[in-house]
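# Observations on chain architecture
Here is what each chain is made of, one letter per residue.
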Amino acid sequence: MSEKLKAGIVGGTGMVGQRFVQLLDQHPWFEVTAIAASKNSAGKTYEESVQGRWKMAGPIPEPVKTIVVQDASQVEEFASQVDFIFCAVDMSKDQIKALEEAYAKTGTPVISNNSAHRWTPDVPMVIPEINPDHIGVIEAQRKRLGTKTGFIAVKPNCSIQSYVPALHALLDFKPEKVVASTYQAISGAGKNFTDWPEMLDNVIPYIGGEEEKSEQEPLRIWGSLQNGEIVKASSPLITTQCIRVPVTDGHLATVFVSFENKPSKEEIITRWREFKGRPQELGLPSAPQQFITYFEEENRPQTKPDRDIERGMGVSVGRLREDAIYDYKFVGLSHNTLRGAAGGAVLIAELLKAEGYIQAK
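Before going into details, it helps to say that this report is about the structure given with it. Being a predicted model, the structure only gives us computed values, none of them experimental.

### Thoughts on the side chain of Gln-18
- Residue placement: Gln-18 occurs in helix α1 (residues 15-24).
- What makes Gln-18 buried here is its relative accessible area of 1%.
- A polar atom in the side chain of Gln-18 sits 3.0 Å from the backbone oxygen of Thr-13.
- At 3.0 Å, the side chain of Gln-18 and the backbone oxygen of Arg-53 are in polar contact.

### Quick word on the sheet that holds strand β13 (residues 315-322)
- Strand order in the open sheet formed by six strands is β10-β7-β11-β14-β13-β12, and the pairing between neighbours is mixed. Pairing within the sheet leaves two strands with one partner each, and these edge strands are β10 (237-244) and β12 (292-295). Neighbour to neighbour, the strand axes of the sheet diverge by 20° on average, direction disregarded.
- Relative to strand β14 (residues 328-334), strand β11 (residues 251-259) is paired through seven bridges, and the arrangement is antiparallel. If you follow Val-257 over to β14, its bridge partner there is Tyr-328.
- Those strands touched by helix α8 (residues 210-221) are β7 (175-184) and β10, and its axis lies near 145° from that of β10.

The rules behind each value
Residues numbered from 1 in each chain as written. Predicted model: local features only at pLDDT ≥ 70, side-chain atom pairs only at ≥ 80, totals over all residues. Heavy atoms only, no water. Helix = DSSP H or I, 4+ residues; strand = E, 2+ residues; numbered from the N terminus. Buried < 20%, exposed > 50% of the residue type's maximum accessible area, 1.4 Å probe, protein only. Polar contact = N/O pair within 3.5 Å; in protein donor to acceptor, adjacent residues only side chain to side chain. Pairing = 2+ DSSP bridges. Axes fitted to C-alpha atoms, helices over the stretch in contact; angles between N-to-C directions. Contact = heavy atoms within 4.5 Å.

Here is the structure:
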């Protein structure tokens, strides 16, 4: 392996930014060489900037402790120091769009954890095992932005990863109607129980904007590349409820599904267990060897013991059974800050590097 690519993290002091720092420590392809955040953090070392608010279980990685945090708004200066960036900022959507496009126009690839560009027609929103072909839209995006090497690619909403992979493996059977209820960890709101004591012994049956994302984003992931744009799929019809529950990490979904061509239970389980995508074919560093794990036990998957399956990058399903109204029902689980957030973005970056879209400047 040649010299590692220089990765920058914009929004590196927040919860997702901290997860990026942790995941990229000792990464075989990428090295964090620069971190940017708000003006309030600029000028401090990374260790100083997250003092008292480091949310990860392990310690701050030694190589980043002394990196001096820069002002994320100084786009040209920051971009000149890195080969590509991960972006996870807390700003308005319009501000995020402007910031990410400014970085892309410097010729810097942007792998975004933010939602602002998920519906920009020429920005790919990628789950690498499911729609890697969507990165082909980058050429059209580069023409629009006026850059030869810069672009934006985004990660989809964290909650959909608990059920979309399981449904994707069954697309040949043409799912028509899907009902999904998600039970989402508090880290999805960037919080822990110290920050959010109101969540102890509590369930909140509303997460702003989450149901709309959960119903529509899968259709974009299953969409097609047409004339330099991603055109969303028209089916299946998806309806969801999204609920905040008192667990630290892990989004669990209960799913009901009807098919045009109903498969057998054995066919479904075989499809899940045998499913592989482009990351597995390429042997990407962050790719789970077994993308979808099916549990035979009646009480699995469970959030606490199963969210870290395949280093948090695998998806697990269980309780598959026939239903009186729909064809089948099952339970899905994914780790929301690993597969669903920073880990998913790192896997996207690995795919883009392997396919030649990210290179040393």
